[in-house]
Amino acid sequence: MKKTTGELKDGMRSACAFLNTAGGWLFFGIAPTTQKILGQEVTDNTRKEIAREVAKLEPLIDLPVEYIDVPDRPKCQVIAIHNYGKPC
């Protein structure tokens, strides 16, 4: 869990680690210590930045990115990336 995409590079290191294990979920917009759902405003630039960072992962992998609306915070979304990890 990462508070914002300001921690995107660190988050991508976690995603890379997931690639080498059983997989996992990476969330942006959730406070790691309290697990409070914060969300963040997601712009086209945010989406492009995430796509650029995902494209840097080797080997190239398709990571589904979901943008989930936060009901009590208009214009805020949680970003969820699911990584399936190593194939068996």
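Residues numbered from 1 in each chain as written. Predicted model: local features only at pLDDT ≥ 70, side-chain atom pairs only at ≥ 80, totals over all residues. Heavy atoms only, no water.

Visitor: Help me understand helix H1 (residues 8–19) in this model?
Guide: A rise of 1.5 Å per residue sets the reference length of H1, with its 12 residues, at 16 Å; its end C-alpha atoms lie 16 Å apart and thus fit the reference within 8%. Every buried residue of H1 is listed here: Leu 8, Gly 11, Met 12, Ala 15 and Leu 19. Burial along H1 is one-sided: seen end-on, the buried residues are contained in an arc of 100°. Those residues of H1 that are buried lie in contact with strand E1 (24–28), helix H2 (44–55) and strand E4 (76–83). (Helix = DSSP H or I, 4+ residues; strand = E, 2+ residues; numbered from the N terminus. Expected span 1.5 Å × (residues − 1). Buried < 20%, exposed > 50% of the residue type's maximum accessible area, 1.4 Å probe, protein only. Arc of directions from axis to C-beta. Contact = heavy atoms within 4.5 Å.)

Visitor: Is there a simple way to explain the nonpolar core in this structure?
Guide: Inside soluble globular proteins, nonpolar side chains tend to come together where they are buried. The biggest cluster of nonpolar side chains holds 13 residues, and the ones touching the most others in it are Met 12, Leu 26, Phe 28, Ile 50, Leu 57 and Ile 81. Ranked by the residues each element gives to this core, the list is headed by H1, at four residues. Once you skip the residues sitting within four places of it in the chain, Leu 57 turns out to touch Met 12, Ala 15, Cys 16, Leu 19 and Leu 63. (Core = buried A, V, L, I, M, F, W, Y, C linked by side-chain atoms within 4.5 Å.)

Visitor: How should I be thinking about the packing of H1 against H2 in this particular structure?
Guide: Helices that pack against each other are described as a pair by the angle of their axes relative to one another and the distance between those axes. Put simply, H1 and H2 touch, their axes get as near as 10 Å, and they point 40° apart. Relative to H2, the element H1 is oriented oblique. The element H1 and its partner H2 pack so that their crossing is right-handed. Listed contacts from H2 to Leu 8, Lys 9 and Met 12 of H1 are Glu 49, Ile 50, Glu 53 and Val 54. Class assignment for the residues of the contact of H1 with H2 results in four nonpolar, no polar and three charged. (Axes fitted to C-alpha atoms, helices over the stretch in contact; angles between N-to-C directions. Parallel < 35°, antiparallel > 145°, perpendicular 65-115°, else oblique. Left-handed = near helix turned anticlockwise from the far one by under 90°. Nonpolar A, V, L, I, M, F, W, Y, C, P; charged D, E, K, R; others polar.)

Visitor: For this particular structure, what's the right way to read the packing of aromatic side chains?
Guide: Here a ring pair, both rings aromatic, is described through the centre-centre distance and the interplanar angle of the planes. Evaluated as defined, the whole model comprises one aromatic pair. Ring geometry for Trp 25 and Phe 27: centres 5.8 Å apart, planes at 10°, overall stacked. Assessed through its relative accessible area of 40%, Trp 25 is described here as partly exposed. Sitting over the face of the ring of Tyr 67, Arg 47 holds its NZ or CZ atom 3.9 Å from the ring centroid. (Phe/Tyr/Trp six-rings, centres within 6.5 Å; stacked < 30°, edge-to-face > 60°. Lys NZ or Arg CZ within 6 Å of the ring centre and 35° of its normal.)

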